[in-house]
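# Observations on the model geometry
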Amino acid sequence: QVQLVESGGGLVQAGGSLRLSCAASGRTSINYAMGWFRQLPGKEREFVGDIWSGDTYYSDSVKGRFTISTDNAKNTVYLQMNSLKPEDTAVYYCAAGIFVRRGTSTGYNYWGQGTQVTVSS
């Protein structure tokens, strides 16, 4: 069992930055892929980016603006969000899985509760 807790969300003006953290506890593994997802108001959950064995992959909508990194010693994954836009407003979720289909939510077994990010214009 793995528990994931997101933090770092909040209100930011367009063009600003936020760094989200996802702290993992329980039976974590270095072999887990970690993903970030978001759910925009009234929309389905969508893929943001993932990281597996140090390799990252991002959706086109955030590529060049968002960066995923991990601190394995702290069992923490980060989502650095720069140049934020109002359309980035969403609840952001982190997830973990041993074997996932990258770029999708397939294979993610553990999910955090989400953290709200609101970008004002």
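This text goes with the structure placed above it.
This write-up is about the structure you can find in this document. All residue numbers here refer to positions counted from 1 along the written sequence of the relevant chain. pLDDT decides what is reported in this predicted model: residues at 70 or higher carry local features, side-chain atom pairs at 80 or more are listed and counted, and totals for whole chains, interfaces and linings draw on all residues regardless. Derived side-chain values reflect all non-hydrogen atoms in the structure, with water molecules and hydrogen atoms excluded from consideration.

### Details of the nonpolar core
We count it as follows: To define a nonpolar core, start from buried Ala, Val, Leu, Ile, Met, Phe, Trp, Tyr and Cys residues and group those joined through side-chain atoms within 4.5 Å. Three exposure classes are used, based on accessible area relative to the maximum for each residue type with a 1.4 Å probe and protein chains only: buried under 20%, partly exposed in between, and exposed over 50%. Numbering goes from the N terminus for both helices and strands, where a helix is a DSSP run of H or I of at least four residues and a strand is a run of E of at least two. Contact definition: two residues touch when any of their heavy atoms are within 4.5 Å.
Membership of the largest hydrophobic core comes to 28 residues, with the highest contact counts inside it found for Leu-4, Trp-36, Phe-66, Leu-79, Met-81 and Tyr-92. Looking at this core, the elements with two or more residues in it are strand S1 (2-7), strand S3 (18-26), strand S4 (33-39), strand S5 (45-52), strand S7 (66-71), strand S8 (76-81), strand S9 (90-97) and strand S11 (115-120). Sequence-distant contacts of Leu-79, that is, excluding residues within four places in its chain, are made with Leu-18, Arg-19, Leu-20, Trp-36, Val-48, Phe-66, Thr-67, Ile-68 and Tyr-92. Core analysis: the next-biggest nonpolar cluster, separate from the first, contains 6 residues, Phe-37, Phe-47, Ala-95 and Val-100 among them.

### Here's the deal with the pattern of salt bridges
Basically, it comes down to this: The salt bridge criterion pairs a side-chain nitrogen of Lys or Arg with a carboxyl oxygen of Asp or Glu, the two atoms within 4 Å.
This model, assessed by the stated rule, comprises 6 salt bridges. Arg-38 is paired through a salt bridge with Glu-46; the nearest N and O atoms lie 2.8 Å apart. The partly exposed category is assigned to Glu-46, whose relative accessible area is 27%. Salt-bridge contacts for Lys-63 lead to Asp-60; the nearest nitrogen and oxygen are separated by 3.2 Å. Taken individually, Lys-63 and Asp-60 each receive the classification exposed, so the pair is uniform in this respect. A network of salt bridges, in which partner residues are shared, links Arg-38, Glu-46, Arg-65 and Asp-88.

### Observations concerning the state of the cysteines
The line we're drawing: Disulfides are defined as cysteine sulfur pairs within 2.5 Å.
For the structure on display, the rule yields 1 disulfide. Paired by a disulfide, Cys-22 and Cys-94 hold their sulfur atoms 1.9 Å apart. One quick way to see it: the torsion about the S-S bond of Cys-22 and Cys-94 is about 60°, and its sign makes the bridge right-handed. Linking Cys-22 in strand S3 with Cys-94 in strand S9, this pair joins segments that are 72 residues apart in sequence. In this structure, Cys-22 and Cys-94 share a single accessibility class: buried.

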